[in-house]
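Architecture and fold: a report
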Amino acid sequence: MLLESRVKEQGSILARLGEVCTDPLGYAREWKARTGGLVVGSFPMNFPSEMAHAAGALPLIIQEAEDPITAGHGLLFPFYCGYTRSTVDQAANGELDVLDAIMFGDHCVQLLGAADAVRMSLKNTRVIFFQLISSMCDPWTLGRAKESFEKLREELEDFLGRKVEDDALRESIRLFNRDRQAMRKLYEMRVAGQISLTATEMQYVVKSAMVMDRREHLELVEALVAGATENSPAPEKRAIRLHLSGHFCQAPKPELLDMIEGCGAVVVGDDLYHGFRYISTDVGENGDPMEALAHWYLDRNTGVPCPTRVQNDVDWDAFLLDAMRKENAEGMIVLMAKFCEPHMYYYPEVKEAFEKAGMPHLLIETEHESMALEHIRTRVESFLELVKRRRGAAPVVTSAAQGEVA
Amino acid sequence: MNAPIQAPTPPSAANKLKSTRMAGKLVNDYWEMVWRAKEEGKLVCWYEGSSINPFLEAADIVWVHGEAYSAMLAARHQEGPAQAAAEERGYLRELCSYARTHLGCAVNNQRHRNGSDSAFADVPADEDISAKLPPPDMIISAYAYCSTGQQWDEMTSRMFGKKVPIFNVSIPWIWASGKDAGYLRGQEWEETSKYVAKQLEEMVKFIEEQTGKPYPWDRLRELMRNVKRASELRLEAMDMCTAKPAPATLFDWSVSIAPINQLPCTTDIVDYFTNVRDEVAERVRTGEAAVPKEKYRLFFDGIMNWNKLGWLAEKFARYDAAVVAGRYTHMAFWQEPGLINPEDPVMGMGQNYLICPNNHSSPILIDLIMGLCEKYEVDGIVFHATRTCRAFTNPMFMIAEEATSRLGIQTTMFEGDVADESFYKDELLNTRVEAMLEAIDQKRMAVV
């Protein structure tokens, strides 16, 4: 295929993924009309969608909407994160009616508040909950995680009126693994400069996986991988290589990502939930699938530590410094969703580690509404200028966690 | 030189219980004991949330309840240095102010010990009690409902270089799933109770590892006999406040939280609540009111604003409003003594941890609150929208809606915080409460 047509095809794939991301519930409605199937929504970030997929449903991770909060103001206070407020708002406005059931099991206090409000708002929707253990290195963590997933599966079966068979679950796990692997390949190619994907485009790739029929998604992502060649436009060499960190439940707004890259940076890695965090870990394909899902839950936090969990034997800051070394990133922008308590707890750890390692970082608090982009732009520009000056200085700083960081 | 002329202090409008004055002395004695712990060679455990202190006290470990320390600092208006230290380390203002204040104490403690080059280094000022807290030898996390508790404990552990052993007890939220779900009943309740009790037994093994001694179960049984009795007396006294006029208010019960929540579980707490119960009974007998001209009876939903405890007590009394009950005071702190079997205490302790006022999802929680509103015959609910305590604010709008639709009572909200005074807006409270009281008046006139 000619380069031009390949680029065109890639563009149309990304456009399709972007379309899904812009209107995830619209996709669900269309899918439902097309297939007659059930749509099972879930809260981020730890519900294994494989389970709902194996039951023949479309698993959909509920996304923060673009709309300003209206009816949701009557259910949650404004000092909650954008994700919880938006989810409750969507429920109150009837937007989530397309979902036949909602499953979740997380423990963030704001999510619990949202779950209660969603259940109250959606009186005809089954809201299934079983709390996942968030203390990750107790002797009973694995067993409890498995028990939680089993409870969720039982309730899902009760809702559907039929069993979710192990074989079907294994099949779903294999499909999801393949999709995760394809997305991780794009990450590797981006670091190696073999594909030019903006941060927004990468978000489209990952976020759409949380919404779309997985087989359909996999086909598109594999086509993206196959279409990328050495002739793909490489990122601007003079651009500052950045790592983006944070933003758990909700996706950073594309306009923010575009602004950051528009200031002369290129994002080469991230640990965003709508990014590498979501795709980092595969589920074991053999043996008891529930056991495998429980292991996945634990492995994921060891691989990409999450501030919503507590695990005394892993360090998020060390992970970040290591990831940046592998990505050859020159600085990090921390995207913190305003009012996100887990992030607020861990941020000083990251800040201290980065200061000690001499690695520059910039904290940006994001909001559901009224983000002052121009003000943020000035800060990003100043930050990138600082990083650029370091290039000339060529300092050698010892990282607390990973040895030398140039 | 003549002394400056001072304006006369207006007489207090709130007729507070006299018996609760003893709480101040007991609290001071307790913190003095905590501050002496290292000199006396005692092990120190930091914890938040659930009242696991009897487990520690029995093992002769000095216990430090993080919220209690933050609340004490806020009530004494001495939270500033701790909060400034936390902010300097990077903790943002929207973070739970209990946690922020307590973590600030840890920052200060570390800095003074390590002599860092920070502005907060060197010897703490005499009045800065944030740095007096002895560092922990162990941390136990057993926090119901709010995710913040577990992360706060983890951060404390990390602040001490992860050198302090930490033990986590996971206390799941009661979602009320299944047809048999309800308050203290149903499969979910039974399973969750067992899960928590099992972890508490493991926690006892952890304590044994720290002390190097077999766990003194007899001592725990003795302490839990006192806790059970103190709890029964407290609830008995609270129940008497259904009387009109009410003999005591939420502010008296707030002062009495420390004796039931974290003071030593000796017979002192039994004596304390015996005195409180007797005084309340006497007031009921003589018709003595906590708010002399009680005209309104209100329910207070939300955690206490510790910077403003006395201030709020006076304010509501001046409105002739008796705040007769609240979610924080009337639905927590060994709330179900009937579940405690002192001879075999673990299960009942775990179940009491599970029924912290927020740990039931809204269908159960709302029923309980509506029940209290009816029992105390309240005219309205005041919601304290506690800025940094989402555990309390989560269900507030739903409670308000049910109060209006189910009971037909008035509600209002004001913004404040547990330990950060800067979120409190006095004028907002004034206008909103006044509007609510006016609405109550109008409703009464319409009925007449």
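Computed from a prediction, not measured in an experiment: that's the story for all the values here.

**Notes on the overall build of chain B**
Tallying secondary structure elements over chain B gives 18 helices and eight strands in all. Taking 22 Å as the expected radius of gyration for a compact globule of 448 residues, we find that chain B reaches 22 Å, a close match to that expectation. Dimensions along the principal axes, computed over C-alpha positions, put chain B at roughly 70 × 70 × 40 Å. Residues counted as buried form 55% of the 448 residues belonging to chain B. A sequence separation of at least 24 residues applies to 77% of the contacts in chain B between residues at least 6 apart.

**Quick look at the interface of chain A and chain B**
Taken together, the contact between chain A and chain B spans 31 residues of the former and 37 residues of the latter. Residue assignment for the side of chain A that touches chain B shows that the elements contributing at least two residues are α5 (109–121) and α14 (341–357) of chain A. Here the side of chain A that touches chain B takes eight residues from α14(A), the largest share from any one element. Residues that form the side of chain A that touches chain B fall into these classes: 18 nonpolar, eight polar and five charged.

**Details of the packing of helix α4 (residues 82–92) of chain A against α5(A)**
All names here are of chain A. Between α4 and α5, whose axes approach to 9 Å, the crossing angle comes to 5°. When the axes of α4 and α5 are compared, the pair comes out roughly parallel. In this structure, α4 contributes Thr84, Thr87, Val88, Ala91 and Ala92 to the contact, and α5 contributes Gln110, Leu111, Gly113, Ala114, Ala117, Val118 and Ser121. When grouped by side-chain class, the residues that make up the contact of α4 with α5 number seven nonpolar, five polar and no charged.

**Brief notes about the domain arrangement of chain A**
All names here are of chain A. Looking at chain A, the domain boundaries give domain 1 (26–167) and domain 2 (238–405). Relative to domain 2, the C-alpha centre of domain 1 lies at a distance of 26 Å. Taken together, the contact between domain 1 and domain 2 spans 29 residues of the former and 29 residues of the latter. Those elements that provide at least two residues to the side of domain 1 that touches domain 2 are α4 and α6 (141–160).

**Observations concerning the nonpolar core**
In this structure, A:Met103, A:Leu242, B:Cys45, B:Leu298 and B:Val324 are the most contacted members of the largest nonpolar core, which totals 285 residues. In terms of residue count, the dominant contributor to this core is helix α8 (residues 217–239) of chain B (nine residues). No fewer than three residues from each of domain 1 (26–167) and domain 2 (238–405) of chain A sit in this core. Excluding anything up to four places from it in sequence, B:Val324 contacts B:Cys241, B:Ala246, B:Thr249, B:Leu250, B:Arg297, B:Leu298, B:Tyr376 and B:Val378.

**Structural notes on the sheet that holds strand β7 (residues 380–386) of chain B**
Residue and element names in this part refer to chain B. If you walk across this open sheet you meet the four strands as β6-β5-β7-β8, and the pairing is parallel. Two strands in the sheet have a free side with no partner beyond their single neighbour: β6 (321–326) and β8 (410–416). The average undirected angle you get between the axes of adjacent strands in this sheet is 30°. Bridging between strand β5 (residues 296–301) and β7 involves four bridges; their strand directions are parallel. Considered in β7, the bridge of Phe299 is made with Ile381. This element, helix α17 (residues 396–407), spans β5, β7 and β8 of the sheet and lies at about 170° to β7. Where helix α18 (residues 426–447) meets the sheet, its contacts fall on β5, β6, β7 and β8, and the angle it forms with β8 comes to roughly 175°.

**What about the packing of helix α15 (residues 362–375) of chain B against α17(B)?**
All names here are of chain B. Interaxial distance between α15 and α17 falls to 10 Å at its minimum, and their mutual angle equals 50°. Taken together, the axes of α15 and α17 are oblique relative to one another. Where α15 crosses over α17, the handedness of that crossing is right-handed. Here Ser362, Ile366, Ile369, Met370, Cys373 and Glu374 of α15 come into contact with α17, specifically with Met398, Ile399, Glu402, Ala403, Arg406 and Leu407. Residue composition of the contact of α15 with α17, by class: eight nonpolar, one polar and three charged.

**Things to note about the environment of A:Trp140**
Residues and elements named next belong to chain A. By the element assignment, Trp140 lies in the loop between β4 (126–129) and α6. Residue Trp140 is classed as partly exposed on the basis of its C-beta count, with 15 C-beta atoms lying within 10 Å. Measuring from C-alpha to C-alpha, the distance between Trp140 and Ile13 comes to 44 Å, with 127 residues separating the pair along the chain.

Reading guide: rules and limits
- Residues numbered from 1 in each chain as written.
- Chains lettered and ligands numbered in written order.
- Predicted model: local features only at pLDDT ≥ 70, side-chain atom pairs only at ≥ 80, totals over all residues.
- Helix = DSSP H or I, 4+ residues; strand = E, 2+ residues; numbered from the N terminus.
- Rg over C-alpha atoms; globule rule 2.2 N^0.38 Å.
- Buried ≥ 20, exposed ≤ 12 C-beta atoms within 10 Å, placed from the backbone.
- Contact = placed C-beta atoms within 7 Å.
- Nonpolar A, V, L, I, M, F, W, Y, C, P; charged D, E, K, R; others polar.
- Axes fitted to C-alpha atoms, helices over the stretch in contact; angles between N-to-C directions.
- Parallel < 35°, antiparallel > 145°, perpendicular 65-115°, else oblique.
- Domains from an automatic or database assignment.
- Core = buried A, V, L, I, M, F, W, Y, C linked by C-beta atoms within 7 Å.
- Pairing = 2+ DSSP bridges.
- Left-handed = near helix turned anticlockwise from the far one by under 90°.

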